[in-house]
Amino acid sequence: MTTALRVPEELSARVPVEQRGPGLDRDSVRLLVSRGTDVSHHGFVELPRQLRAGDLLVVNVSPTLAAAVDGKIGHARVVVHFSTRGDDGRWAVELRDPDGRGTTRARAGGSPGTEVHLPGDVRLVLEEPLAAHSPRLWWGRVSDPDVPRLLRRHGRPIRYSYTERDQPLSVYQTVFALPSADGSGSAEMPSAARPFTPRLVAELVSRGVQFAPITLHTGVASAESHEPPYPERYEVPPASARLINAVKAGDGRIVAVGTTAVRAVESAADADGVVRAQEGWTDLVVTPERGVRVVDGLLTGLHEPEASHLLMLEAIAGGAAVDRSYEEALSGLYLWHEFGDVHLILPDENPHSEHCSSNCW
C-alpha cells in the first residue's frame, strides 16, 4: 500500500529546521515513533525517553563532501556530481544539466572518452559505465588525482530541486562526522543523524544509551529513477563490532541511525548475526526476503514511496507497520527529505499484540 501513497510537494522540507524560525535548533524536527502498527507523535528532543539504558545507536561518521562541481563539455555547461572514489583512483560520477534555478536535471547518458573541463585546468575523462544496465553513473579519471582538494576549492553540496536555496557545507555535516584519512566521504549527507545535537547526545549518554561508530560513504542517489544502491565503501571497526555483539548478547537493542548504518552492520554480520570487524565494498540490498540479522530498530528520514529504502524498512518492521506509519506521517503533515522529520522504528514488545496483516489495524 505504501507505494500507492503520494507525497504532496508542500511536504518537502525546503530549508533546515533551524532556519525556519527563531530559537530552533537541529533537534526541533518532529519524531514519528512506531512499534509494530502502534504509532505515536513526538519531538526529536524526546528521543532519550523513547530509548532505554543499554540500547546502542549505530552511527555513520562519514563526512559529507562538497561533491557538486561546475564543468563544461565543449561549450555546454554541466554539473559533475562526484559520487564514489574507487580503489584504483577513479571516481564514479554523474553528469547533470543545470536547470537555471541553482539545481540540476538528469542528463542523457554519456560515452567513453567524453572530456569534461573542470575549474583549475582539471580534466575529467569518462571511461565506462558503473553498471551495464544504467548509463547514469560513469567511472571517470581526473587529471589531478587530489579530487578532495578540487572539491574543497570548487565544490558545493549537492542540492535537489525541492530545496529553496544553496546552503553551506556545514549544514550538511552531522554531529558525528569525522574526516577520513584519504579525503573520502559521502556525496550525500547521512541525513538520519542530522537532528542530533551535542546536547542531545550528552543526554542520551547520561541515560545509559551507547554509540557505535561505523563508516559508509554514501553515493549519489537516483533522484528520478529510484535505483537500488550500488556498491559503497564501508568499515565496521573492531571496537564497534565488539560493542554490537555485547549488546546483542544482553538486553539492549541495536538501533541503526540511518539506512547506511543498517547496510554497513548487516554487511559485516555472519549468518548467525555475529558482527565481524570488516572494511571494503558492500552491494547488499536489505529486503524483506533477506531480512535483518543484527538491527532491532531504525531511526531514519521519510522516504519517497518509490524508494528502494522502503524495502529495508519492511524488512525491519513489516509491511503493515510501514504502511500504517506512512499514512500517519502524511495525515500529520510530517516533512520529507534530508531537512525533514524523522521516523523511529522500534520492536513491538507488547506480548498481547497480534501479527496483523494490512487489514487488521
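Residues numbered from 1 in each chain as written. Predicted model: local features only at pLDDT ≥ 70, side-chain atom pairs only at ≥ 80, totals over all residues. Heavy atoms only, no water.

## Digging into the pattern of salt bridges
Working step 1: Tallying each qualifying case throughout the model produces 27 salt bridges.
Working step 2: In this structure, Asp 70 and Arg 156 form a salt bridge, with 2.9 Å as the shortest nitrogen-oxygen distance. Residue Asp 70 is found in strand 4 (residues 68-73), and its partner Arg 156 is found in the loop between helix 2 (147-154) and helix 3 (198-206); the two are separated by 86 residues along the sequence.
Working step 3: Here Asp 70 falls in the partly exposed class, since its relative accessible area comes to 36%.
Working step 4: Measuring nitrogen to oxygen at the nearest pair gives 2.6 Å for the salt bridge that ties Arg 107 to Asp 97. Within this pair, whereas Arg 107 is found in the loop between strand 7 (104-106) and strand 8 (115-118), its partner Asp 97 is found in strand 6 (residues 91-98), the two being separated by 10 residues in sequence.
Working step 5: For Arg 107, a relative accessible area of 27% corresponds to the partly exposed category.
Working step 6: One salt-bridge network, in which partners are shared between bridges, spans Asp 88, Arg 90, Glu 127, Glu 128 and Arg 141. (Salt bridge = Lys/Arg side-chain N within 4 Å of Asp/Glu carboxyl O. Helix = DSSP H or I, 4+ residues; strand = E, 2+ residues; numbered from the N terminus. Buried < 20%, exposed > 50% of the residue type's maximum accessible area, 1.4 Å probe, protein only.)

## Quick look at the nonpolar core
Working step 1: Among the nonpolar cores identified, the biggest contains 40 residues, and Val 58, Val 236, Ile 244, Ile 254, Val 262, Val 275 and Trp 336 are the most heavily contacted of them.
Working step 2: In terms of residue count, the dominant contributor to this core is helix 6 (residues 309-317) (five residues).
Working step 3: Filtering out sequence-adjacent residues up to four positions away, Val 275 remains in contact with Val 236, Ala 241, Ile 244, Asn 245, Val 265, Ala 268, Ala 269 and Val 294. (Core = buried A, V, L, I, M, F, W, Y, C linked by side-chain atoms within 4.5 Å. Contact = heavy atoms within 4.5 Å.)

## Considering the packing of helix 5 (residues 259-267) against helix 6
Working step 1: It is at 11 Å that the axes of helix 5 and helix 6 come closest, and there the two elements cross at 65°. Relative to helix 6, the element helix 5 lies roughly perpendicular. The chirality of how helix 5 crosses helix 6 is left-handed. Taken together, the residues of helix 6 that come into contact with helix 5 (itself represented by Thr 259, Val 262 and Arg 263) are His 309, Met 312 and Ile 316.
Working step 2: Class assignment for the residues of the contact of helix 5 with helix 6 results in three nonpolar, two polar and one charged. (Axes fitted to C-alpha atoms, helices over the stretch in contact; angles between N-to-C directions. Parallel < 35°, antiparallel > 145°, perpendicular 65-115°, else oblique. Left-handed = near helix turned anticlockwise from the far one by under 90°. Nonpolar A, V, L, I, M, F, W, Y, C, P; charged D, E, K, R; others polar.)

## Comments concerning the environment of His 309
Working step 1: When you line up the elements, His 309 lands in helix 6.
Working step 2: Looking at His 309, the relative accessible area reads 28%, which means it is partly exposed.
Working step 3: Not counting residues within four places of it along the chain, the set of residues in contact with His 309 comprises Thr 259 and His 303.

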